[in-house]
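Coordinates in review
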Amino acid sequence: MKKWEDKRSILKIATLYYSEGLTQAEIAKKMEISRPLVSKILQEAKNTGIVEIYIKDEDAYSIALGMEIEKKYGLTEVIIVPNQKSATEAISKKNVGRAAASYLSSILPKVKKIGVSWGTTLAEFVDEMPFLQYPNVTVIPIMGGVGYSNVLYHSNHLAFLLAQKLNTNSTYFYAPALADTKKLKESLLESKMISVALSEGKDVDVAIVGVGNPVRSSTYRDLGYFTNSDIKELEEKGAIGDVAATFFDKDGQPVDTDVSSRMMGIELEDLKNVPCVIALATGKEKSDSLKALLAQQVIDVLIIDQTSADEL
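A brief report on the enclosed structure follows. Here the structure is a predicted model, which means the values were calculated and not measured.

Moving on: the packing of aromatic side chains. Within the structure shown, the criterion is met by 2 aromatic pairs. Residues Tyr17 and Tyr18 carry aromatic rings whose centres are separated by 4.9 Å and whose planes lie at 90 degrees to one another, so their mutual orientation is edge-to-face. Exposure remark for Tyr17: the relative accessible area of 30% places this residue in the partly exposed category. Residue placement shows Lys165 over the ring face of Phe131; its charged tip is 5.3 Å from the ring centre.

Here is the structure:
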C-alpha cells in the first residue's frame, strides 16, 4: 500500500492541516506528494468520518436553517434573527426590522424604486434604517395610507420616513387601506390620483411587505379595521394570511369577502411581478401565511425570527 493511502498518513495530513494550520502546498512539500493529492486525502478524511467539522457559534443553527429554507423554496436570501432569552414580541420585531434595514442598505446601489406596505414590523424596519444618501431612489407606498388612528404604521407615513432616511423623495397613496364601502372604493379608483398611485406601486424594483394572519395577528385587526362579523367571514372563507391588499387561503389563493372587496392597494398577483419582494414576519402564528406565499413563489427575500423559521 502506498504511503498516502495508509490511514496513519491520512491522519497525519489531516492533523497538519486542521490542527497545525499548514497550507496544502506546505503539506505536499513535507509529505513529498502532490498538492491535488493532499486535497483528495483531506476530502477522504471528511467522507470517512475521520474529520468532522463543527461551527461553534450560537448563530450557526440560524444560518444553517436559513440556507435550508433557501433551498427548499428557491429563495434569493433568508435571514433568520436568532431568539433572545425572554425576548418580547416587540423586541423580536425590532430585531427583524434591524436585519431588514441592514439588508436593504446592502442592495440600495442597485435600486431605483422601493415599495412599502404597512404594519408594526415595517415601522421597526424604517426606524432602524440608517441615514444614507440615495437621492435618486423613490419610495412608493403600495397600498392605501390614510386613516384616523395609528398613522405611524400607515404606508404613506412609513414611505415618507424612509425617504427622509435615504435623503430622497416619496410619493403618496391618497386613499385608506380599507374603504368604508365597496362603492367608495370604486369611486376612488376612478380618480386619476389613485390610479397613478396604483400604477407606481406595481412598478417598483423592490417591495418590502409585512405578512399577517387576519384572524390571529394582522395590522388590519390591530388597528381596528375589522368587526367581529368580518373576522367570522374571513374564518369561514379560509383566510389564513394577508399581504399588501390581499387576504389569501392556505393555498395562497385570494379569498373573496366583503373586507377583501374594500381593500386599496396592489394585490398578490401584482407582487408576483415585482423583481424583488422582501417579506418580514415574526411569530409562530405567521407560519401558515408564509408557507402559502412561499408555495406561490411570491417572496424572494425572507427576513424572520427564529420562531417563524422553526415552523417553516
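So that's the structure; there's more coming.
An α-helical turn contains 3.6 residues, so any two residues separated by three or four positions project in the same direction. Counted at 1.5 Å a residue, the expected span for helix H1 (residues 7–18) with its 12 residues is 16 Å, and the 16 Å between its end C-alpha atoms agrees. Of all the positions in H1, only Ser9, Ile10, Ile13, Ala14 and Leu16 are classed as buried. Down the axis of H1, the buried side of the element spans an arc of 160 degrees, and every buried residue falls inside it. Opposite the buried face of H1, by more than 90 degrees, sit the exposed residues Lys7 and Arg8. In this fold, the buried residues of H1 make contact with helix H2 (24–31) and helix H3 (35–47).

On to the packing of H1 against H2. Contact geometry of H1 with H2 gives a least axis separation of 10 Å together with a crossing angle of 140 degrees. Taken together, H1 and H2 sit at an angle that is classed as oblique. For the pair H1 and H2, the sense of crossing is right-handed. Along the contact surface, H1 presents Ser9, Lys12, Ile13, Leu16 and Tyr17, while H2 presents Gln24, Ile27, Lys30 and Met31. Class assignment for the residues of the contact of H1 with H2 results in 5 nonpolar, 2 polar and 2 charged.

Turning to the packing of helix H5 (residues 89–107) against helix H6 (residues 120–128), a few remarks are in order. Interaxial distance between H5 and H6 falls to 7 Å at its minimum, and their mutual angle equals 55 degrees. Overall, the two elements H5 and H6 adopt an arrangement that is oblique. Taken as a pair, H5 and H6 cross one another with a handedness that is right-handed. Two secondary-structure elements touch here, H5 through Lys93, Lys94, Val96, Gly97, Arg98, Ala100, Ala101 and Leu104 and H6 through Thr120, Thr121, Glu124, Phe125, Asp127 and Glu128. Classifying every residue of the contact of H5 with H6 gives 5 nonpolar, 3 polar and 6 charged.

Apart from glycine, the bulk of residues carry a negative phi angle, and the bulk of peptide bonds sit in the trans form. Residues other than glycine seldom take positive phi values, yet Glu32 does so here, at roughly 60 degrees. Note on placement: Glu32 falls in the loop between H2 and H3. A residue is classified by how much of its surface remains accessible, and Glu32, at 71% relative accessible area, is exposed. Positioned with a positive phi, Gln297 is a non-glycine residue whose angle comes to about 55 degrees. Residue class for Gln297 comes out exposed when judged on its relative accessible area of 62%.

Reading the values: the criteria
Residues numbered from 1 in each chain as written. Predicted model: local features only at pLDDT ≥ 70, side-chain atom pairs only at ≥ 80, totals over all residues. Heavy atoms only, no water. Phe/Tyr/Trp six-rings, centres within 6.5 Å; stacked < 30°, edge-to-face > 60°. Buried < 20%, exposed > 50% of the residue type's maximum accessible area, 1.4 Å probe, protein only. Lys NZ or Arg CZ within 6 Å of the ring centre and 35° of its normal. Helix = DSSP H or I, 4+ residues; strand = E, 2+ residues; numbered from the N terminus. Expected span 1.5 Å × (residues − 1). Arc of directions from axis to C-beta. Contact = heavy atoms within 4.5 Å. Axes fitted to C-alpha atoms, helices over the stretch in contact; angles between N-to-C directions. Parallel < 35°, antiparallel > 145°, perpendicular 65-115°, else oblique. Left-handed = near helix turned anticlockwise from the far one by under 90°. Nonpolar A, V, L, I, M, F, W, Y, C, P; charged D, E, K, R; others polar.

In short, shape yes, function no, at least from these values alone.
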